[in-house]
Amino acid sequence: MKGYRPVDPRESPRFAGIKTFMRLPHVKTTEGVDVAIVGVPFDTGASYRVGARFGPEAIRSVSALLRHHNEVLDVSIFDHCSVVDYGDLPVNPGYIEDSYKMIEGGLLPILDGGVTPIMLGGDHSVTLPELRAMAKTHGPVALIHFDSHTDTGDKRFGRRYTHGTPFRRAVEEELILVDHSIQAGMRGSVYSRDSLDDARKMGFDLVTSVEAQERGIDELIRRIRDRAGDAKAFVSFDIDFVDPAYAPGTGTPEVGGFTSREALRVVRGLRDLDLVGFDLVEVLPQYDPSQITALLAANIVYEFISLIALRKKYESEG
Ligand code: MN
Ligand code: MN
């Protein structure tokens, strides 16, 4: 198929060249593009460790390892999908409201061009302006949220916009179809007895890590699919869903999480859903000298692209 595709690693070694995601062409157009990788290097919303501003470059760097055929999903991605690295959206470090406008404004032309965006965060505060842009283009979407935290707090340090509050704001602003939305992976100590119930009262279905681990990943996948149904869905994946043994480079780690294998399995399980956007957030490369966190993040993004390619493959086969 015609379209944008990465450099062939058998022709040019993988350590060579300027680092884009999977060594894709860096192109700022939507013409002839199905999927765009978009960096959002912003971490002013973080409440504990900072450094997710360096997430996109770390994920891009290690993504050079990825090959073109997804063996598990049986799809040769670039035979079905034209993919580019769109570069980073503009942000203003230290100024969250300004950055929200820049992120939303930067994303709109991509969405208006009919392109499926995959954002590399950034801390989790960036998902709110992403959802604002998604809602303008697609209307409210189902949210499929993987995280060890609900991120449905009201205020942090007296402020409404932080990485602990985006999903409460998204409900208030009616950016998501809360009846079709689900949060999975919550664990660790919480602020109070009603912390998780708060999210449920907002209308989210919520599956804790303990519950998902007791019932198994396939049951979690079923629950997500039932919940999202035919709605257009946005997937937001906080890397701290995964146990810090596998993903130590993150801002607010919680023990007792999922393995990298389980994370890949649950993402592949989203294959039949109508997915219109994705993000992968909270990678802090400086807390992980081995860069296994960025490596896992790159592989999860690879599965996101594969899901879109798989759908296009099925469509072309009728
Ligand atoms: Mn989060
Ligand atoms: Mn989290």
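Residues numbered from 1 in each chain as written. Chains lettered and ligands numbered in written order. Predicted model: local features only at pLDDT ≥ 70, side-chain atom pairs only at ≥ 80, totals over all residues. Heavy atoms only, no water.

Sorry, what's going on with the coordination of the manganese ion (ligand 1) here?
Six octahedrally arranged donors around a metal ideally form angles of 90 or 180 degrees; four tetrahedrally arranged donors ideally form angles of 109.5 degrees. Summarising the metal site, the manganese ion (ligand 1) is bound by the protein donors H124 (ND1), D147 (OD), D151 (OD) and D238 (OD), whose distances to it range over 2.1 to 2.2 Å. Within one chain, the residues serving as donors to the manganese ion (ligand 1) are arranged as H-x22-D-x3-D-x86-D. Separating the manganese ion (ligand 1) from the manganese ion (ligand 2) is a gap of 3.2 Å, which D147 spans by donating to each of them. Taken together, the residues span a long stretch of sequence, with D151 in the loop between strand 6 (142-146) and helix 5 (166-172) and D238 in strand 9 (residues 232-238) at a distance of 87 residues. Residues D151 and D238 agree in their burial class; the two are buried. (Donors = N, O, S within 2.8 Å, 3.2 Å for Na, K, Ca; no water. Helix = DSSP H or I, 4+ residues; strand = E, 2+ residues; numbered from the N terminus. Buried < 20%, exposed > 50% of the residue type's maximum accessible area, 1.4 Å probe, protein only.)

Explain the sheet that holds strand 9 here, please?
In sheet architecture, strand pairing relies on hydrogen bonds along the backbone and comes in two forms, parallel and antiparallel. Across the sheet, which stays open at both edges, the 8 strands sit in the order 4-1-5-10-9-6-7-8 with parallel pairing between neighbours. The sheet is open, and its two borders are formed by strand 4 (83-88) and strand 8 (205-208), each paired with just one other strand. With direction set aside, neighbouring strand axes in the sheet form an average angle of 15 degrees. The strands touched by helix 3 (residues 96-112) within the sheet are strand 1 (35-40), strand 4 and strand 5 (116-121), with strand 5 carrying the most contacts at an inclination of about 150 degrees. (Pairing = 2+ DSSP bridges. Axes fitted to C-alpha atoms, helices over the stretch in contact; angles between N-to-C directions. Contact = heavy atoms within 4.5 Å.)

What is the right way to read the pairing of strand 10 (residues 274-281) from this model?
Here is the key point about a regular strand: its side chains alternate between the two faces of the sheet. Among the 8 residues of strand 10, 7 are classified as buried, and the element is accordingly described as predominantly covered. By the bridge criterion, 3 bridges tie strand 5 to strand 10 in an arrangement that is parallel. When the sheet's bridge partners are listed, I118 is paired in strand 10 with F278. As paired strands, strand 9 and strand 10 are joined by 7 bridges and run parallel to one another. Looking at the pairing, F234 lines up with G277 of strand 10. Regarding topology, helix 9 (residues 260-268) serves as the crossover connection from strand 9 to the parallel strand 10, and that connection is right-handed. (Right-handed = clockwise from strand over helix to strand, strands pointing away.)

How do you make sense of the coordination of the manganese ion (ligand 2) when you look at a structure like this?
At 2.0 to 2.7 Å from the manganese ion (ligand 2) lie its protein donor atoms, namely D147 (OD), H149 (ND1), D238 (OD), D240 (OD) and D240 (OD). If you list the donors of the manganese ion (ligand 2) from N- to C-terminus, the spacing comes out as D-x1-H-x88-D-x1-D. Under the relative-accessibility criterion, D238 is labelled buried at 2%.

I keep staring at the environment of G113 and nothing clicks. Help me out?
As for its position among the elements, G113 is in the loop between helix 3 and strand 5. G113 gets classed as partly exposed once you look at its relative accessible area, which sits at 31%.

Which parts of the structure should I look at to understand the pattern of salt bridges?
Close approach of charged atoms allows side chains of opposite charge to pair. For the structure on display, the rule yields 21 salt bridges. In this structure, E211 engages R215 in a salt bridge whose closest nitrogen and oxygen atoms are separated by 3.5 Å. You can see E211 and its partner R215 sitting in helix 7 (residues 209-215), 4 residues apart, about one turn around the helix. Ionic pairing is found between D218 and R265, a salt bridge with its closest N-O pair at 2.9 Å. Of the two residues, D218 is situated in helix 8 (residues 217-228) and R265 in helix 9; the sequence distance between them amounts to 47 residues. In the salt-bridge network here, residues are joined through shared partners; they are D154, R160, R169 and E172. (Salt bridge = Lys/Arg side-chain N within 4 Å of Asp/Glu carboxyl O.)

Would you take a moment to explain empty space enclosed by the protein for this structure?
Unoccupied space between atoms shows up once a probe the size of one water molecule is rolled over them. On inspection of all chains with the given rule, the structure shows 2 cavities of 30 Å³ or more. Considering only enclosed or pocket space, the largest cavity measures out at about 50 Å³ in volume. V207, E211, A212, R215, G216, E219, L220 and R223 are the residues that line the largest cavity. Of all the elements in the fold, those that place two or more residues in the lining of the largest cavity are helix 7 and helix 8. The residue inventory of the lining of the largest cavity, partitioned by class, reads 3 nonpolar, 1 polar and 4 charged. By volume, the second largest cavity is sized at about 40 Å³. Residue lining of the second largest cavity: P6, V7, P9, R14, M22, R23, S63, A64, L66 and H68, and that is the complete set. (1 Å grid on protein atoms, 1.4 Å probe; cavity = no way out; pocket = protein on both sides within 12 Å on 5 of 7 lines; lining within 4 Å. Points joined across faces, edges and corners; volume = space filled by probe spheres on them. Nonpolar A, V, L, I, M, F, W, Y, C, P; charged D, E, K, R; others polar.)

Explain the packing of helix 1 (residues 55-62) against helix 10 (residues 292-317) here, please?
When two helices pack together, their arrangement is given by the angle between the helix axes and by the axis-to-axis distance. Relative to each other, helix 1 and helix 10 sit at 75 degrees, their axes nearing to 8 Å. Considered as vectors, helix 1 and helix 10 are oriented roughly perpendicular to each other. Seen from helix 1, the contacting residues are A58, I59 and V62; seen from helix 10, they are A294, L295, A297 and A298. Tallied by class, residues from the contact of helix 1 with helix 10 come to 7 nonpolar, no polar and no charged. (Parallel < 35°, antiparallel > 145°, perpendicular 65-115°, else oblique.)

How do you make sense of the packing of helix 3 against helix 4 (residues 127-138) when you look at a structure like this?
Contact geometry of helix 3 with helix 4 gives a least axis separation of 8 Å together with a crossing angle of 35 degrees. Read as a crossing pair, helix 3 and helix 4 show a hand that is right-handed. Taking contact as the criterion, the partners of Y100, I103, E104, L107, L108, L111 and D112 in helix 3 are, on helix 4, L128, P129, E130, R132, A133, M134, K136, T137 and H138. The residue inventory of the contact of helix 3 with helix 4, partitioned by class, reads 9 nonpolar, 2 polar and 5 charged. (Left-handed = near helix turned anticlockwise from the far one by under 90°.)

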